[in-house]
Amino acid sequence: MGDWSGKTAVVTGGGRGFGKAFGAALAAEGAHAVLVDIDGAVAEAAAAEIRAAGGAATGLGGDVTDEARMNEVMAQAAAVAGGIDFLINNAGLHSDEYGQPIFKMGLAKVRRLFEVNVMGVVCCTLAAVPHMRGRPGASVVNISSSAAHMHGSAYGDSKLAVAGLTITFARELAPDGIRVNAISPGLMLTETIAAELPPETKARVKAMQLLAEDGKEGHIVDAMMFLTSSKAAFITGETLRVTGGMAAGV
Ligand SMILES: NC(=O)c1ccc[n+]([C@@H]2O[C@H](COP(=O)([O-])OP(=O)(O)OC[C@H]3O[C@@H](n4cnc5c(N)ncnc54)[C@H](O)[C@@H]3O)[C@@H](O)[C@H]2O)c1
């Protein structure tokens, strides 16, 4: 029995990018991965890939800001093995469209950005935690961003709030034995980022790294596996930067 075998992990934004990779890594270690995505078809396709590889997974459609749907999703996840062990709050808006100056985006887009990136974390944590209490090793991992430490964008501000919520939830859930941590990825060449970020932006951001290597999904997966493992049993309320040294230069 390892840290993940026989356990249930809910991964939001689980249909693509980091979320899909998180689900595959957790399932490879014996967890049942419940992938939740606003795009139900990609969530189900990602779960089917895991099952084809011999793992256990369920794909569910749902918006992380929809309280009633998240309550249903968490209840469905908890029914697999009597509760939820891990919640990975990964779903987030970070496309070029949501990375613009506030005056360019306008109120509706900024509101949606905060609704998904910030309130989505609150909504899913409130829905999942009643199913996590009393589960040894239970933990939450939130996905923030290196943009949170650089300041100067609404996207970064939404991710700064995620780092703040990580500390607040760590305090509130410590009495239940639930650890809460976050990861701040730097520039990671997921499919979305590789396809849509202009080469000059990629080069400019990469020049801020200390390490020459490209950031990859695997780097963030390793950090998530560490934070959900017993090796991180004494770590809570922290945001781990995985940026190739980017934040060190800011
Ligand atoms: N890729 C990077 O370089 C990078 C860097 C720092 C932080 N991040 C953060 O990591 C997380 C994942 O990034 P990614 O690159 O894998 O993104 P991605 O766009 O490839 O995947 C995100 C997934 O979340 C889903 N999603 C979006 N809104 C949702 C909602 N309201 N409810 C449920 N699902 C929703 C999308 O459908 C998509 O499948 C995001 O929170 C992002 O802000 C990414």
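Residue positions are counted from 1 within each chain, in the order its sequence is given. Per-residue local features are limited, in this predicted model, to residues with pLDDT of at least 70; the limit for side-chain atom pairs, both in listing and counting, is 80 or more; totals at the level of whole chains, interfaces and linings are taken over all residues. Excluding hydrogens and water, the side-chain values take into account all heavy atoms of the structure.

Peer 1: Even after reading the chapter, I still don't get the packing of aromatic side chains, so can you show me in this structure?
Peer 2: In this description, a pair of aromatic rings is defined by centroid distance and the angle of the planes. Aromatic rings from Phe, Tyr and Trp, with only the six-membered ring used for Trp, were paired whenever their centres fell within 6.5 Å, and each pair was classed as stacked if the ring planes differed by under 30 degrees, edge-to-face if by over 60, and tilted otherwise. Taken as a whole, this structure holds one aromatic pair when the rule is applied. When the ring of Phe 18 is compared with that of Phe 22, the centres are 6.2 Å apart and the planes differ by 35°; the resulting orientation is tilted. Linking Phe 18 with Phe 22, this pair stays in helix 1 (residues 17-28), spanning four residues, or about one helical turn. Comment: elements are numbered from the N terminus, with helices defined as DSSP H or I runs of at least four residues and strands as E runs of at least two.

Peer 1: Is there a simple way to think about empty space enclosed by the protein in this case?
Peer 2: The method is simple in principle: a probe with the dimensions of a water molecule rolls over the atoms, and the space it marks as empty is what remains. A cavity here means a set of points on a 1 Å grid, drawn over the protein atoms and nothing else, where a 1.4 Å probe fits but cannot get out; a pocket is an open set with protein on both sides within 12 Å along at least five of seven lines, and a residue lines either one if it has an atom within 4 Å of a point. Grid points are joined across faces, edges and corners, and a volume is the space filled by probe spheres set on the points. Evaluated as defined, the whole model comprises one cavity of 30 Å³ or more. In this structure, the largest cavity spans a volume of roughly 40 Å³. In terms of residues, the lining of the largest cavity owes the most to one element, helix 4 (residues 102-128), which gives four residues. Broken down by class, the residue content of the lining of the largest cavity amounts to five nonpolar, four polar and no charged. When residues are sorted by character, Ala, Val, Leu, Ile, Met, Phe, Trp, Tyr, Cys and Pro go into the nonpolar class, Asp, Glu, Lys and Arg into the charged class, and all the rest, Gly among them, into the polar class.

Peer 1: Is there a simple way to think about the site of the ligand in this case?
Peer 2: Near the ligand you find 27 residues, and of these Phe 18, Asp 37, Asn 90, Tyr 155 and Thr 192 are the closest. Between the ligand and the protein, one listed contact pairs an oxygen atom with a side-chain N or O atom of His 94 at 2.9 Å. Polar contact criterion, stated in full: a pair of N or O atoms within 3.5 Å, where within protein one must be able to donate a hydrogen and the other to accept it, and residues adjacent in sequence count only if both atoms are side-chain atoms. In this structure, Met 188 approaches the ligand through a main-chain N or O atom, which is 2.9 Å from an oxygen atom. Values of accessible area rely on a 1.4 Å probe in the Shrake-Rupley scheme; residue burial ignores everything except the protein chains shown. Relative to its unbound accessible surface of 830 Å², the ligand loses 94% to contact with the protein. For the shell around the ligand, the elements supplying multiple residues, two or more each, are helix 1, helix 4, helix 5 (154-173) and helix 6 (191-196). Of the residues assigned to the shell around the ligand, the class counts are 11 nonpolar, 11 polar and five charged. Nearness is judged by heavy atoms alone; a residue qualifies as near a molecule or strand once a single heavy atom is within 4 Å of it.

Peer 1: Would you take a moment to explain the layout of surface pockets for this structure?
Peer 2: Put simply, the second largest pocket is a space of about 160 Å³. No other element matches the three residues that helix 1 contributes to the lining of the second largest pocket. Classifying every residue of the lining of the second largest pocket by side-chain character gives one nonpolar, two polar and four charged.

Peer 1: Looking at this structure, how should I read the sheet that holds strand 1 (residues 8-12)?
Peer 2: One key point about sheets: their strands pair by backbone hydrogen bonds, in either a parallel or an antiparallel sense. Here, any two strands with at least 2 DSSP bridges between them count as paired. Spatial ordering of the open sheet is given by 3-2-1-4-5-6-7, a layout of seven strands whose pairing is parallel. Whereas interior strands pair on both sides, the edge strands pair on one side only; in this sheet they are strand 3 (56-61) and strand 7 (239-242). On average, each strand axis in the sheet is inclined to that of its neighbour by 15°, with strand direction left out of account. Pairing geometry for strand 1 and strand 4 (residues 86-89), over three bridges, is parallel. Paired with Ala 9 across the strands is Phe 86, a residue of strand 4. Residues count as neighbours in contact if any of their non-hydrogen atoms are within 4.5 Å of one another. Axes here mean lines fitted to C-alpha atoms, for a helix over just the part in contact, with angles spanning 0 to 180 degrees between N-to-C directions. Strand contacts of helix 1: strand 1, strand 2 (32-37), strand 3, strand 4, strand 5 (139-143) and strand 6 (179-185), with the helix running at about 170° to strand 1, the strand carrying the most contacts. Each of strand 2 and strand 3 is contacted by helix 2 (residues 40-52), which is oriented at about 175° to strand 3, the strand it contacts most.

Peer 1: I keep staring at unusual backbone geometry and nothing clicks. Help me out?
Peer 2: Negative phi characterises most residues that are not glycine, and trans characterises most peptide bonds. Positive phi, normally seen in glycine, also occurs at His 151, with a value near 65°. Within the fold, His 151 resides in the loop between strand 5 and helix 5.

By themselves, these observations are geometric and do not establish any function.
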